[in-house]
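Coordinates in review
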Amino acid sequence: MRTQPPVRPEPRTRTLTAAPSLVPLLARGALFSPFKRPRPDAPVPATRLVLPGVRIDLAHLAAYERACGFPTGADALPVTYPHVLAFPLAMRIMAARAFPLPLLGLVHTSVEITRREGATATQEYELEVTVEKSAPHRRGTEATVLTGARAHGRLVWESRSTYLARHRTPDGTETGAGAGNRNETGARDRSEHHEPPPYAPLPSPGGSEPLPAVAEWHLAPDVGRRYGAVSGDRNPIHLHPLTARLFGFPRAIAHGMWTVARCLAEYGPRQAVDVRAEFRAPVLLPGTVTYAERGPSFELRSGDRVHLRGDVRPHA
């Protein structure tokens, strides 16, 4: 019998006075993770966190731009930057006891971003984060997290991220620590064996013909540490080979959101856009990757292995 997603009540709004501190949230999430047993019918927190009065720290913005390859000094925010601003709010929800999926081993499988006109570095923003739903997935349970940024009461930026907790499904498929090779967040990844990714993939641009290479990047060992410093995401798998090996990686790996940001920086500035990106395989550090692009489509690959695939389209 197919499990139906739980009915989600209307979320209660909770307004914060300051951004939560990430260190205790990461510790709390790690503490609760071993006791969580994810299942698709588990309710998600009916909470909408709101943080008003957010001003951009221009020095922090410039550091983020340098870490990701964006030009510095533009008034328009990089399309991925509000994700960093709202990351502490998302962590507050996902590290809580009420969030049904364990924070450790959670896989960021995809992100969709809409940037409307008017998202600038000099405005004041109201950030909001809520968990939209959890849903059954053939490899476990997936949760969808919604993030928004408002200026003068108008929604100027929003995103939808999906996160997968792998576990045994009703058909008996084992999707946890015993399956495949490890992906970005410590769960196993079968992509190098050419199996389907754990989400509905973007269609391969041009069918079987690969996108034309545009640039080759030689990634330094400290890419994860530099991005962690500006994003607040100091997951040990990104910081050092020794800590990455604790989660089954031979070396540290790049943050998924850094790979998206770096690709979009190369793609070029756009004002009002819709972005989709799917994380397919980890990027080991140090390493060499190829950025490829044609029309609205882009990808990051090494050899025949695709790490990231996405597209950018004008927002209607």
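Being a predicted model, the structure only gives us computed values, none of them experimental. (Residues numbered from 1 in each chain as written. Predicted model: local features only at pLDDT ≥ 70, side-chain atom pairs only at ≥ 80, totals over all residues. Heavy atoms only, no water.)

To continue, consider the confidence of the model for the chain. Averaged over every residue, the pLDDT of the chain is 85; the share at 70 or more is 84%. Counting contacts from residues 174-201, a segment whose pLDDT is below 50, to residues more than four positions away or on other chains yields 92 contacts. (pLDDT = per-residue confidence, 0-100. Contact = heavy atoms within 4.5 Å.)

This part is about helix H4 (residues 223-231). Within H4, the full set of buried residues consists of Val223, Gly224, Tyr227, Gly228, Val230 and Ser231. Where H4 is buried, its residues contact helix H1 (22-32), helix H2 (58-68), helix H3 (81-94), strand E9 (213-219) and helix H6 (256-267). After H4 finishes, the residue Gly232 shows a positive phi value of roughly 85°. (Buried < 20%, exposed > 50% of the residue type's maximum accessible area, 1.4 Å probe, protein only. Helix = DSSP H or I, 4+ residues; strand = E, 2+ residues; numbered from the N terminus.)

Moving on, we come to the nonpolar core. Counting 73 residues, the largest nonpolar core has Tyr64 and Tyr125 as the members making the most contacts within it. When residues of this core are assigned to their parent elements, the largest contribution, 10 residues, is made by H3. (Core = buried A, V, L, I, M, F, W, Y, C linked by side-chain atoms within 4.5 Å.)

Taken as a whole and assessed by the stated rule, the structure comprises five aromatic pairs. Seen in terms of ring centroids, Trp217 and Tyr291 are 5.5 Å apart; in terms of plane orientation they differ by 15°. Their pairing is stacked. Taken together, the positions of Trp217 in strand E9 and Tyr291 in strand E11 (residues 287-294) put the pair 74 residues apart, joining distant regions of the chain. Tyr291 sits in the buried class, given a relative accessible area of 0%. If you follow Arg262 out to its NZ or CZ, it ends over the ring of Trp217, 4.1 Å from the centre. (Phe/Tyr/Trp six-rings, centres within 6.5 Å; stacked < 30°, edge-to-face > 60°. Lys NZ or Arg CZ within 6 Å of the ring centre and 35° of its normal.)

What follows deals with the pattern of salt bridges. Taken as a whole and assessed by the stated rule, the structure comprises 11 salt bridges. Here Glu128 makes a salt bridge to Arg150, at a shortest N to O gap of 3.0 Å. Here Arg150 lies in strand E5 (residues 140-151) and Glu128 lies in strand E4 (residues 124-137), a separation of 22 residues in the sequence. Overall, the relative accessible area of 14% leaves Glu128 in the buried class. Given the relative accessible area of 25%, Arg150 is considered partly exposed. Residue Glu299 pairs with Arg309 through a salt bridge whose shortest N-O separation is 3.1 Å. Separated by 10 residues along the polypeptide, Glu299 in strand E12 (residues 297-302) and Arg309 in strand E13 (residues 305-314) bring together distant segments of the chain. Across this residue pair, the class does not change: Glu299 and Arg309 are buried. Here the residues in one salt-bridge network are Arg48, Glu128 and Arg150, joined through shared partners. (Salt bridge = Lys/Arg side-chain N within 4 Å of Asp/Glu carboxyl O.)

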